[in-house]
Amino acid sequence: MPKRVFVDGQAGTVGLSIHQRLSGMPDIAVLDIPETQRKDLDARLQRILDADLAVLCLPDQAAIEVVSELNQRSHNTTKILDASTAHRVAPGWVYGFPELTPDQPDRIRGAQQVTNPGCYATGIIALLRPLIDAGLIPPDHPLSIHATSGYSGGGRALISAMETGQHPPFKLYSLDLQHKHLPEIRAHARLTQAPIFTPAVGNYRQGMLVTIPLHLHAIPGQPTADAIAQTLHERYAHNPRVAFVPDPQDPQRFELEPQALNHTDRLEIRVFSQPKHGQALLIARLDNLGIGAAGNAVTNTRLMLGLGMV
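On a predicted model such as this, the values are computed, not experimentally measured, just so you know.

Chemist: Looking at this structure, I do not really get the overall build of the protein chain. What am I missing?
Modeler: A count of helices and strands for the protein chain gives 9 helices and 13 strands. Here the C-alpha radius of gyration of the protein chain, 20 Å, is about what a compact globule of 310 residues would show, namely 19 Å. With respect to the principal axes defined by its C-alpha atoms, the protein chain has extents near 65 × 45 × 35 Å. Within the protein chain, the fraction of its 310 residues that count as buried is 53%. Contacts spanning at least 24 positions in sequence make up 74% of the contacts within the protein chain whose residues lie at least 6 apart. Each charge class in the protein chain was averaged separately, 27 positive and 29 negative side chains, and the resulting centres sit 1 Å apart.

And the structure:
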């Protein structure tokens, strides 16, 4: 019998993508709700209680409200996957990035409540966590991170402004240095101090590049770019979703564009280096709506339901 899944917030960009992808899977039955009841909390809670798993694609406060209501019902057995920011560092929630550690897929499989990572955090943690675990970068090392995303992750107002020509073609934002993904980046990359994180949005629908520059001589132990690359290569060897891509030798290939992985659930990791200056540049490329959001939610949904990954 197919597993029953309800997507609460299925009309939004991420929710719609999750709903569409799950609807095409024969081992999953997606529960719908009439449009007139999409803001009716009682009707939505009933759909959640009827499901084996519910995916929350809601604003943070609305997700907190739903979880609070469910936690008061002792007979509730529905598993919850929260795609909002609300529970990404909350006690009792499992972080839904299967590549976080070797045993993370098993933790997700056994969890009642899983929080889906943020798109920026996915790329950043994929780059940093293996290096911190290996002792190549200390948890308290000062880091600067820059990332550029397509506009599809910015909500309806931004999407509309971009697609109607009412928004600049490129914009830095969160210049108060308090982007909402920072708490999960610190917690799950195992950083003991906040990095300087500068996100930007470009006038293209989806796709993301994350860059982390390193002055190798300023890192305790002075790791080499080769050691960093080898650690990342070994960590993601044979991984179906995350791939380490070797540093290209052709100078004409020392450039990257953000949309190459669009409509996939893949993430590419690269290390570029300049030995003359003792510098390295860590780069992650991903689809912010793929492995950065909806695609990762589909993977977590299948893990939590005991189904095979696709």
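Chemist: It is not clear to me how the sheet that holds strand β4 (residues 79-82) should be interpreted in this structure. Could you clarify?
Modeler: The 6 strands lie next to each other as β2-β1-β3-β4-β6-β5, forming an open sheet whose pairing is parallel. Every other strand in the sheet has two partners, leaving β2 (28-31) and β5 (94-95) as the edge strands with one partner each. Packing of helix α2 (residues 41-50) onto the sheet brings it into contact with β1 (3-8), β2, β3 (53-56) and β4, and relative to β1 it is tilted by some 155°.

Chemist: Help me understand the pattern of salt bridges, please; the structure alone is not making it clear to me.
Modeler: Pairing between side chains of opposite charge can happen when the charged atoms of each approach one another. In the structure shown here, the tally under the stated rule is 13 salt bridges. Measuring nitrogen to oxygen at the nearest pair gives 2.9 Å for the salt bridge that ties E184 to R88. A residue pair is termed long-range when its members are at least 10 positions apart, and E184 in helix α7 (residues 182-189) and R88 in the loop between β4 and β5 qualify at 96 residues. Here E184 matches R88 in class, with each residue buried.

Chemist: What should I look at first to understand the sheet that holds strand β12 (residues 267-274) in this one?
Modeler: Hydrogen bonds along the backbone pair up the strands of a sheet, which may run parallel or antiparallel. Reading across from one edge, β8-β9-β7-β10-β13-β12-β11 is the order of the 7 strands in this open sheet, with mixed pairing throughout. This sheet does not close on itself; its edge strands, each paired only once, are β8 (170-172) and β11 (242-245). Pairs of neighbouring strands in the sheet enclose a mean axial angle of 20°, with direction left out of account. Relative to strand β10 (residues 208-215), strand β7 (residues 144-149) runs antiparallel, the two sharing 4 bridges. When the bridges of β10 are listed, H146 appears paired with T211.

Chemist: Please clarify how the environment of R107 should be interpreted in this entry.
Modeler: Structurally, R107 can be placed in helix α4 (residues 104-109). On the basis of relative accessibility, which here comes to 42%, the residue R107 falls in the partly exposed class. For the pair formed by R107 and L303, sequence separation is 196 residues and the distance between their alpha carbons is 9.5 Å.

Chemist: What is the right way to read unusual backbone geometry from this model?
Modeler: Peptide bonds are trans in most cases, and residues, glycine excluded, mostly fall at negative phi. Not every positive phi belongs to a glycine, and R190 is a case in point at roughly 70°. Of note, H263 is a non-glycine position whose phi angle comes to about 65°, a positive value. When you line up the elements, H263 lands in the loop between β11 and β12.

Chemist: Looking at this structure, I do not really get the environment of I283. What am I missing?
Modeler: Within the secondary structure layout, I283 lies in strand β13 (residues 279-286). I283 sits 12 residues away from V271 along the chain, and the two C-alpha atoms are 6.3 Å apart.

Chemist: What is the right way to read the packing of helix α5 (residues 119-133) against α7 from this model?
Modeler: The axes of two packed helices give the description: the angle between them and the distance between them. Running from amino to carboxyl end, α5 crosses α7 at an angle of 25°, the nearest separation of the two axes being 9 Å. By the angle class used here, α5 and α7 are roughly parallel. Considering only the axes of α5 and α7, their crossing is right-handed. Of the residues in α7, those touching α5 at A121, I124, I125, L128, R129 and I132 are E184, I185, H188 and A189. Residues that form the contact of α5 with α7 fall into these classes: 7 nonpolar, 1 polar and 2 charged.

Chemist: Could you clarify how one ought to interpret α2 in this entry?
Modeler: When we look at burial in α2, the residues that qualify are L41, A43, R44, L45 and I48. Residues of α2 that are buried make contact with β1, β3, α3 (60-71) and β4. With a side-chain oxygen positioned 3.1 Å from the backbone nitrogen of D42, the residue opening α2 is D40.

How each quantity is defined
Note on numbering: residues in each chain are counted from 1, in written sequence order. In view of the model being predicted, local features appear only for residues whose pLDDT reaches at least 70, and side-chain atom pairs are presented and counted only at 80 or more, with totals across whole chains, interfaces and linings using the full set of residues. Values reported for side chains reflect all heavy atoms of the structure, with hydrogen atoms and water molecules removed beforehand. To qualify as a helix, a DSSP run of H or I must reach at least 4 residues; to qualify as a strand, a run of E must reach at least 2; elements of each kind are numbered from the N terminus. The globule rule is 2.2 Å times the number of residues to the power 0.38, and the radius of gyration it is compared with is taken over C-alpha atoms. Residue exposure (1.4 Å probe, protein chains only): buried if accessible area is under 20% of the type maximum, exposed if over 50%, otherwise partly exposed. Any two residues whose heavy atoms approach within 4.5 Å are treated as being in contact. In this tally, Lys and Arg are treated as positive and Asp and Glu as negative; His is ignored, and so are the chain termini. Throughout, a charge is located at the NZ atom of Lys, the CZ atom of Arg, the CG atom of Asp or the CD atom of Glu. Paired strands, as defined in this entry, are two strands with at least two bridges between them according to DSSP. Only C-alpha atoms enter the line fits that serve as axes; for helices the fit covers just the stretch in contact. Angles between N-to-C directions range over 0 to 180 degrees. Each salt bridge in this description consists of a side-chain nitrogen of Lys or Arg and a carboxyl oxygen of Asp or Glu lying within 4 Å of one another. Working definition: roughly parallel below 35 degrees, roughly antiparallel above 145 degrees, roughly perpendicular at 65 to 115 degrees, and oblique for all remaining angles. Two helices crossing with the near one rotated counterclockwise from the far one by less than a right angle form a left-handed crossing, whereas a clockwise rotation gives a right-handed crossing. Note on residue classes: Ala, Val, Leu, Ile, Met, Phe, Trp, Tyr, Cys and Pro are nonpolar, Asp, Glu, Lys and Arg are charged, and everything else, Gly too, is polar. Whenever two N or O atoms come within 3.5 Å, that pair is a polar contact, provided that in protein one can donate a hydrogen and the other can accept it, and provided that, for residues adjacent in sequence, both atoms are side-chain atoms.

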